[in-house]
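Observations on the model geometry
What follows is the residue order along each chain.
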Amino acid sequence: MKKLYNILFGGGKKKVPKETVETRGMHMPALDIPVDEKFTMNFKQNGGKFLYCDSIDEIYSTLDKIIIENEWQDQTFFSMDPRLIEKFSSQDINFTDKPNKSDVFFTTCEHLIAQNGSILVSENQLKERKLHDLPSNLIVFATTSQMIENIGEGLKIIKKKYKNSIPTNITTIKHFQPTPDNSDDFLTYGSSSKNLYLLLLEDL
């Protein structure tokens, strides 16, 4: 997969015209562009804050900047992923497993969906909770290898990966800013808009 740095900061040879991004309707045929470029374009259209990093040290540094920018130095982060907590244990972050004790949800995800720029999650990240039960600020840690074309592909991979213990509560986080209608597909029905940062680590 081509380095996303080129896509985000203008080094790539292939560019999607601005008018194409702004005028295409949701029911138009999919653009014939690489998965990483398509996800980046749609995710940013949804209002997400995209932060590409090529090392875990850069992830740590970028997270520090997010915390400072939002004045979250004294904020406890809500997380339900022990592996994520362990990975960031060297950082000066306090974690809680109670969502009402935090304004920030820190999580991983199952996949990044290029087709609509959404984040596919399951009970592995949410347990039994619904999106509207979570804090309004989300920080998602993911890798470039988690990018896939569409939700159907994501569901197939989940089924193959987990086999006889397929996770429940599978849904997508798609709306990262207020929208007039956020029920355009069954996986986002009833969800609420979130202020979302994506920390994306290059692993390909």
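Our structure's up above, just so we're on the same page.
Here we summarise the structure given alongside this text.

Criteria and cut-off values
- Sequence order sets the numbering: in each chain, residues are counted from 1 along the sequence as written.
- Note on the predicted model: pLDDT of at least 70 is required for a residue's local features to be given, and 80 or more for side-chain atom pairs to be given and counted; whole-chain, interface and lining totals, by contrast, use all residues.
- Water and hydrogen atoms were dropped before computing side-chain values, which therefore reflect all heavy atoms in the structure.
- Note on conventions: DSSP H or I runs of at least 4 residues are helices, E runs of at least 2 residues are strands, and numbering of each starts at the N terminus.
- Throughout, exposure labels follow a simple rule: accessible area from a 1.4 Å probe, protein chains only, divided by the maximum for the residue type, with under 20% read as buried, over 50% as exposed, and the rest as partly exposed.
- When checking whether two residues touch, look at their non-hydrogen atoms; a contact exists if any pair is within 4.5 Å.
- Salt bridges, as used here, are contacts in which a Lys or Arg side-chain nitrogen is within 4 Å of a carboxyl oxygen on Asp or Glu.
- Only buried Ala, Val, Leu, Ile, Met, Phe, Trp, Tyr and Cys residues count toward a nonpolar core, and they belong to the same one when joined by side-chain atoms within 4.5 Å.
- Only when DSSP finds a minimum of two bridges between them are two strands counted as paired.
- To estimate the expected span of a helix, subtract one from its residue number and multiply by 1.5 Å.
- The arc under discussion is defined with respect to the helix axis, by the directions toward the C-beta atoms.

**Focus: the overall build of the chain**
Along the chain, the regular secondary structure elements total seven helices and 10 strands. Here the chain, with 204 residues, has 48% of them falling under the buried criterion. Within the chain, contacts between residues separated by at least 24 positions form 71% of all contacts whose residues are at least 6 apart in sequence.

**Describing the pattern of salt bridges**
Tallied over the entire structure, the rule returns three salt bridges. With a closest N to O distance of 2.7 Å, E149 and K38 form a salt bridge. Taken together, the residues span a long stretch of sequence, with E149 in the loop between β8 (147–148) and α7 (151–162) and K38 in helix α3 (residues 35–45) at a distance of 111 residues. Of the residues examined, K38 reaches a relative accessible area of 6% and is grouped as buried. Close ionic contact of D97 with K98 constitutes a salt bridge, the shortest N to O distance being 3.4 Å. Of the residues examined, K98 reaches a relative accessible area of 43% and is grouped as partly exposed.

**Some details on the environment of N100**
Among the secondary structure elements, N100 is positioned in the loop between β3 (95–96) and β4 (104–107). In this structure N100 comes out as exposed when scored by relative accessible area, which is 66%. Along the primary structure N100 and F78 are separated by 22 residues, whereas in three dimensions their C-alpha atoms are 8.6 Å apart.

**Things to note about the nonpolar core**
F39, L112, I119, L196 and L198 are the most contacted members of the largest nonpolar core, which has 24 residues in total. Listing elements by their share of this core, those giving two or more residues are α3, β1 (49–53), β6 (118–121), β7 (137–143) and β10 (195–201). The contact partners of F39, leaving out residues within four places of it in the chain, are F50, L112, I113, A114, G117, S118, I119, M147 and L198. One finds I67, W72, F106 and L201 within the second-largest nonpolar core, a separate group that totals 18 residues.

**What to know about the sheet that holds β10**
In space, the six strands of this open sheet follow the order β1-β10-β7-β4-β2-β3, with parallel pairing throughout. This sheet does not close on itself; its edge strands, each paired only once, are β1 and β3. When β4 meets β7, the two strands line up parallel, connected through four bridges. Bridging from a neighbouring strand, F105 pairs with L138 of β7.

**Side note on helix α4 (residues 56–70)**
An α-helical turn contains 3.6 residues, so a residue and the one three or four places further along point in the same direction. With 15 residues, α4 should reach 21 Å at 1.5 Å per residue; the first-to-last C-alpha distance of 21 Å fits that figure. Looking only at α4, the buried set comprises I59, Y60, T62, L63, I66 and I67. Seen end-on, α4 carries its buried residues on one side only, within an arc spanning 170°. Structural note: α4 exposes D57, K65, I68 and E69 on the side pointing more than 90 degrees away from its buried face. Looking at the buried positions of α4, the neighbouring elements they touch are β1, β2 (77–78), α5 (82–87), β4, β7 and β10. Of the residues one or two after α4, E71 is the one with positive phi, at around 60°.

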